[in-house]
Amino acid sequence: MKSTPTDSELEILQLLWEFGPMTVRELNDKLNKERKVGYTTSLKMMQIMTEKGLLSRDTGERSHVYAPLLGSEEVQSTMLDHLLKTAFKGNRSRLVLQALGKSKPSPEEISEIKSLIEKLEEK
């Protein structure tokens, strides 16, 4: 992936990851549950995302159906790499400390973090 998605593009991707492929109308209806978004705005965003290689468009039906071309993990990894390079100058520990210092992690999150650290120490 060449560029990280914008906030609006990420919002669309998250809905497609959660609910699966959709028409512009279906996606626009879901977006409007959170905030008012015009149909033509949603259509234009999805067309741009298709041009950028973020979405595929199935033109087999009367209403085109859009689907994400990338998985959430791939997008998260790309965005994290970008954040690490730009905001933290490659310093992973500063990124992790900043992320953990913003709010108290849940016991489940602490357990996951400990497990990851143990795996990293084994390597």
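The coordinates are above.
The shown structure was predicted, so the numbers you read here are calculated from the model rather than taken from an experiment. (Residues numbered from 1 in each chain as written. Predicted model: local features only at pLDDT ≥ 70, side-chain atom pairs only at ≥ 80, totals over all residues. Heavy atoms only, no water.)

Trainee: Residues and numbers for the packing of helix 1 (residues 7-19) against helix 2 (residues 24-31), please.
Mentor: Put simply, helix 1 and helix 2 touch, their axes get as near as 11 Å, and they point 105 degrees apart. In terms of axis orientation, helix 1 runs roughly perpendicular to helix 2. Contacts from Glu11, Ile12, Leu15, Leu16 and Phe19 of helix 1 reach helix 2 at Leu27, Lys30 and Leu31. Along the lines of polarity and charge, the residues of the contact of helix 1 with helix 2 split into 6 nonpolar, no polar and 2 charged. (Axes fitted to C-alpha atoms, helices over the stretch in contact; angles between N-to-C directions. Helix = DSSP H or I, 4+ residues; strand = E, 2+ residues; numbered from the N terminus. Parallel < 35°, antiparallel > 145°, perpendicular 65-115°, else oblique. Contact = heavy atoms within 4.5 Å. Nonpolar A, V, L, I, M, F, W, Y, C, P; charged D, E, K, R; others polar.)

Trainee: Explain the pattern of salt bridges to me, and be specific about the residues and the numbers.
Mentor: Evaluation of the coordinates by the stated rule reveals 2 salt bridges. The salt bridge involving Lys52 is made with Glu9; its shortest N-O contact spans 2.9 Å. Of this pair, Lys52 sits in the loop between helix 3 (39-51) and strand 2 (55-58) while Glu9 sits in helix 1; the two residues are 43 residues apart in sequence, bridging distant segments of the chain. Judged by relative accessible area, which is 3%, Glu9 ranks as buried. (Salt bridge = Lys/Arg side-chain N within 4 Å of Asp/Glu carboxyl O. Buried < 20%, exposed > 50% of the residue type's maximum accessible area, 1.4 Å probe, protein only.)

Trainee: Requested: an account of the sheet that holds strand 1 (residues 22-23), with residues and values cited.
Mentor: Spatial ordering of the open sheet is given by 1-3-2, a layout of 3 strands whose pairing is antiparallel. Taken across any chain shown, the strands that pair with only one partner, and hence form the sheet edges, are strand 1 and strand 2. Here strand 2 runs beside strand 3 (residues 65-68); their pairing, made up of 4 bridges, is antiparallel. Paired with Arg57 across the bridge in strand 3 is Tyr66. (Pairing = 2+ DSSP bridges.)

Trainee: Describe the packing of aromatic side chains, naming the residues involved and giving the relevant values.
Mentor: Counting across every chain of the model gives 0 aromatic pairs. Here the guanidinium or amino end of Lys30 rests over the ring plane of Phe19, the centre of that ring lying 4.1 Å away. (Phe/Tyr/Trp six-rings, centres within 6.5 Å; stacked < 30°, edge-to-face > 60°. Lys NZ or Arg CZ within 6 Å of the ring centre and 35° of its normal.)

Trainee: Any details on the nonpolar core? Residues and values, ideally.
Mentor: Ranked by size, the top nonpolar core spans 18 residues in total, and within it Ile12, Leu16, Leu27, Leu31, Met46, Met49 and Leu55 carry the most contacts. Those elements that provide at least two residues to this core are helix 1, helix 2 and helix 3. Of all the elements, helix 1 adds the most residues to this core, at 5 residues. Setting aside its immediate chain neighbours within four residues, Met46 contacts Ile12, Met22, Val24, Leu27, Leu55 and Tyr66. (Core = buried A, V, L, I, M, F, W, Y, C linked by side-chain atoms within 4.5 Å.)

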